[in-house]
Amino acid sequence: MLNRVRSAVAHLVSSGGAPPPSPKSPDLPKATSALPAAPPEAPRSPPARAERGSAAPAKTVEARASFSRPTFLQLSPGGLRRADDHAGRAVQSPPDTGRRLPWSTGYAEVINAGKSRHNEDQACCEVVYVEGRKSVSGAPREPSRGQGLCFYYWGLFDGHAGGGAAEMASRLLHRHIQEQLKDLVEILQDPSPPPLCLPSTPGAPGSSDPSHLVGPQSCWSSQKEVTHESLVVGAIENAFQLMDEQMARERRGHQVEGGCCALVVVYLLGKVYVANAGDSRAIIVRNGEIIPMSREFTPETERQRLQLLGFLKPELLGGEFTHLEFPRRIQPKELGQRMLYRDQNMTGWAYKKIELEDLRFPLVCGEGKKVRVYDLTQYEHCPDDVLVLGTDGLWDVTSDCEVAATVDRVLSAYEPNDPSRYTALAQALVLGARGTPRDRGWRLPNNKLGSGDDISVFVIPLGGPGSYS
């Protein structure tokens, strides 16, 4: 679950311990206000709620809302009732009306066998436009769509103890990512290396004598390499953290129920970024080869463990160290500027305003593992190369190899330029994990129990927009 998993990662429990620090961004939305409008989206089904992208406060009707399914399923009231039927467990997919998901993405889902009242999974598939907030020089810039960026976005959210958190994350997480990318639009379009520091904010407070916080320069290693890719990773990581914090606020106000796992794919500037918090999974099947694209969301490095310890117990640092990490040692003259940093929750990088405490010597200088990144431009993909996303309802009873075998079997039965082949594959994966009803429950062909959980699957062809159709 977004909030619970991240708390577990930080070795904290919801009843105690301080939450991780918020990424600092003066332009982020307040807790009770709606995020900036995303590209036009249809209301979720049923439409008894505020439209996505409307000006309604973010905390409205989460817990009180009626059962809903992803917008792109276009379910009628009767279809919604069938989707909510635990006995029939009919597989749901977008209608074959000619208006397909981006990249001809395939999607299928099925409700659980009775473990919860409703299907607590949610899904989102969007094309999101990002308008730059300001130029690197700090001067305001006239809006121009030619200066912005678009990213493709897919998200699966596996709700636990209620569907409110998953529904909320499916509406808002991509907009948090959009917000985090606004400061990077100009930087990402510039082929030169990202600037280490951004100009200081006018009137930013400085320090008369910060030299006592600066340690020997000989202790500092060479400057770390920071890439455009790592900035996108940092933006996604910050968006996850902000979504988690917003969700925690809503839970405290009893506006949202439960928690959720989140598996997100972002395609931006030729690369696919896969971020996972929880036990959902993503794999690439390319020419029969299986490439894992996600892992469990747990602390992975000593860097993160030590940074967390420094954050939770700053008294151990003796006022001489900072738990934050920077690409190089900060100079006193850079107070008030915005420099790249990362904390215990991050493997990518983001910008923050340099404060007096940041001049202290860093606790660690290590490298961490990154969000999984796949460069689409490095390979010649065929129509049978796909990225498969699934909630744990799929993976509980299906191995990676079994998924790859289904990919080969189903796609080989369709013409390469038939865009419906990916929906057929998603349906086959869901049906294979669900099984068929028998006297002793839902069973697989080998008579083992099928998945009684909610099952949601995206199948994303790796050729990109318009390559195969």
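As shown above, the structure is provided for reference.
Quantities reported herein were computed from a predicted structural model and do not represent experimental measurements.

*Asks:* Would you mind showing me how to read helix α8 (residues 400-411) here?
*Replies:* Residues separated by three or four positions in an α-helix point in the same direction, a consequence of the helix having 3.6 residues per turn. In this model α8 runs 16 Å from its N-terminal to its C-terminal C-alpha over 12 residues, within 8% of the 16 Å that 1.5 Å per residue would give. Within the span of α8, buried status applies to Asp400, Val403, Ala404, Thr406, Val407, Val410 and Leu411. Down the axis of α8, the buried set is contained in an arc of 160 degrees. They therefore lie on one face. Across from the buried face of α8, at angles greater than 90 degrees, the exposed residues are Cys401, Asp408 and Arg409. The inward-facing, buried residues of α8 contact β7 (281-286), β8 (289-292), β14 (386-390), α7 (392-395) and α9 (421-434).

*Asks:* What am I meant to see in unusual backbone geometry here?
*Replies:* Leave glycine aside and you will find that most residues have negative phi; peptide bonds, for their part, are mostly trans. Notably, Gln74 is not glycine yet its phi reads approximately 50 degrees, a positive angle. Looking at the secondary structure, you find Gln74 in the loop between α1 (2-9) and α2 (77-83). Look at Arg89: it is not a glycine, yet its phi comes out positive at around 45 degrees.

*Asks:* I tried to follow the sheet that holds strand β13 (residues 372-375) on my own but got confused; where do I start?
*Replies:* Sheet strands line up and pair through hydrogen bonds in the backbone, either parallel or antiparallel. Reading across the sheet, the 5 strands line up as β2-β3-β5-β6-β13 and stay open at both edges, with antiparallel pairing between neighbours. With partners counted over all chains shown, the strands left at the sheet margins are β2 (121-130) and β13, one partner each. Each strand axis lies, on average, 15 degrees off the axis of its neighbour in the sheet, ignoring direction. As paired strands, strand β6 (residues 271-277) and β13 are joined by 4 bridges and run antiparallel to one another. Bridge pairing in β13 links Tyr273 to Val373. On the sheet, helix α5 (residues 228-252) packs against β5 (259-268), β6 and β13 and is oriented at approximately 30 degrees with respect to β6.

*Asks:* Explain the packing of helix α3 (residues 164-181) against α5 here, please?
*Replies:* Helix-helix packing: each pair is described by the crossing angle between the helix axes and the interaxial distance. Closest axis-to-axis distance for the α3/α5 pair is 8 Å, and the angle between their directions is 140 degrees. Considering the angle they form, α3 stands oblique to α5. Note that α3 runs across α5; the crossing there is right-handed. On the side of α3, the interface is formed by Ala165, Met168, Ala169, Leu172, Leu173, His176, Ile177, Gln180 and Leu181, while α5 contributes Ala235, Asn238, Ala239, Phe240, Leu242, Met243, Gln246, Met247 and Glu250. A per-class count over the contact of α3 with α5 returns 13 nonpolar, 4 polar and 1 charged.

*Asks:* Which parts of the structure should I look at to understand the nonpolar core?
*Replies:* Where a protein is soluble and globular, its nonpolar side chains tend to be buried together. The biggest cluster of nonpolar side chains holds 55 residues, and the ones touching the most others in it are Phe151, Tyr153, Phe157, Leu181, Val266 and Leu268. Here this core takes 9 residues from α5, the largest share from any one element. In this view, Tyr153 contacts Cys124, Cys125, Glu126, Leu173, His174, Ile177, Val264, Val265 and Val266; residues no more than four positions away in its chain are not counted. Within the second largest apolar cluster, 30 residues are counted, among which are Leu73, Leu75, Trp154 and Ile284.

*Asks:* Looking at this structure, how should I read the pattern of salt bridges?
*Replies:* Close approach of charged atoms allows side chains of opposite charge to pair. If you walk through the whole model with that rule in mind, you get 13 salt bridges. Measuring nitrogen to oxygen at the nearest pair gives 2.7 Å for the salt bridge that ties Asp400 to Arg281. Here the residue Asp400 occupies a position in helix α8, and Arg281 occupies one in strand β7, the gap between them amounting to 119 residues. Relative accessible area serves as the criterion here: at 30%, Arg281 is assigned to the partly exposed category. The shortest N-O distance in the salt bridge between Asp384 and Arg421 comes to 2.7 Å. Highlighted residues: Asp384 in the loop between β13 and β14 and Arg421 in helix α9, separated in sequence by 37 residues. In this structure Arg421 comes out as buried when scored by relative accessible area, which is 1%.

*Asks:* I would appreciate a short explanation of the side chain of His381 in the present structure.
*Replies:* Mapped onto the secondary structure, His381 falls in the loop between β13 and β14. Polar contacts involving the side chain of His381 include one to the side chain of Tyr374, which spans 2.7 Å. A distance of 3.5 Å separates a polar side-chain atom of His381 from the backbone oxygen of Tyr379.

*Asks:* For this particular structure, what's the right way to read the environment of Glu186?
*Replies:* For Glu186, the position within the fold is in helix α4 (residues 185-188). C-alpha of Glu186 to C-alpha of Gly148: the two residues are 38 residues apart in sequence and 8.0 Å apart in space.

*Asks:* Explain the packing of α8 against α9 here, please?
*Replies:* At their nearest, the axes of α8 and α9 sit 10 Å apart, and the two run at 140 degrees to each other. Overall, the two elements α8 and α9 adopt an arrangement that is oblique. The way α8 lies across α9 gives a crossing that is right-handed. The segment α8 lies against α9, with Val403, Thr406, Val407, Val410 and Leu411 engaging Arg421, Tyr422, Ala424, Leu425, Ala428 and Leu429. Class assignment for the residues of the contact of α8 with α9 results in 9 nonpolar, 1 polar and 1 charged.

*Asks:* Can you walk me through the pairing of β6 in this structure?
*Replies:* Successive side chains on a regular strand alternate, one facing one side of the sheet and the next facing the other. Here β6 lies mainly inside the structure; 6 of its 7 residues are buried. Pairing of β5 with β6 involves 7 bridges; the strand directions are antiparallel. Note on β6: the bridge partner recorded for Tyr267 is Val272. Taken together, β5 and the strand that follows it, β6, pair antiparallel across an intervening segment of 2 residues, in which Leu269 is found at a positive phi of about 55 degrees.

*Asks:* Would you mind showing me how to read the packing of aromatic side chains here?
*Replies:* Two measures describe an aromatic ring pair: the distance that separates the ring centres and the angle between the ring planes. Using the criterion set out here, one finds 9 aromatic pairs in the structure. Relative to Trp154, the ring of Tyr152 has its centre 6.4 Å away and its plane inclined at 20 degrees; by these criteria the two rings are stacked. Overall, the relative accessible area of 19% leaves Tyr152 in the buried class. Three or more aromatic residues joined by ring pairs form one cluster here, namely Trp103, Tyr152, Trp154 and Tyr267.

*Asks:* Teacher, can you tell me more about the environment of Ile291 here?
*Replies:* Examined against the element boundaries, Ile291 turns out to sit in strand β8. When the C-alpha atoms of Ile291 and Asp400 are compared, they prove to be 9.3 Å apart, with 109 residues separating the residues in sequence. Those residues in contact with Ile291 that lie beyond four places of it in its chain are Ile283, Ile284, Arg286 and Tyr374.

Conventions and cut-offs
- Residues numbered from 1 in each chain as written.
- Predicted model: local features only at pLDDT ≥ 70, side-chain atom pairs only at ≥ 80, totals over all residues.
- Heavy atoms only, no water.
- Helix = DSSP H or I, 4+ residues; strand = E, 2+ residues; numbered from the N terminus.
- Expected span 1.5 Å × (residues − 1).
- Buried < 20%, exposed > 50% of the residue type's maximum accessible area, 1.4 Å probe, protein only.
- Arc of directions from axis to C-beta.
- Contact = heavy atoms within 4.5 Å.
- Pairing = 2+ DSSP bridges.
- Axes fitted to C-alpha atoms, helices over the stretch in contact; angles between N-to-C directions.
- Parallel < 35°, antiparallel > 145°, perpendicular 65-115°, else oblique.
- Left-handed = near helix turned anticlockwise from the far one by under 90°.
- Nonpolar A, V, L, I, M, F, W, Y, C, P; charged D, E, K, R; others polar.
- Core = buried A, V, L, I, M, F, W, Y, C linked by side-chain atoms within 4.5 Å.
- Salt bridge = Lys/Arg side-chain N within 4 Å of Asp/Glu carboxyl O.
- Polar contact = N/O pair within 3.5 Å; in protein donor to acceptor, adjacent residues only side chain to side chain.
- Phe/Tyr/Trp six-rings, centres within 6.5 Å; stacked < 30°, edge-to-face > 60°.

So, to be careful, I would describe these as geometric facts and stop short of saying anything about function.
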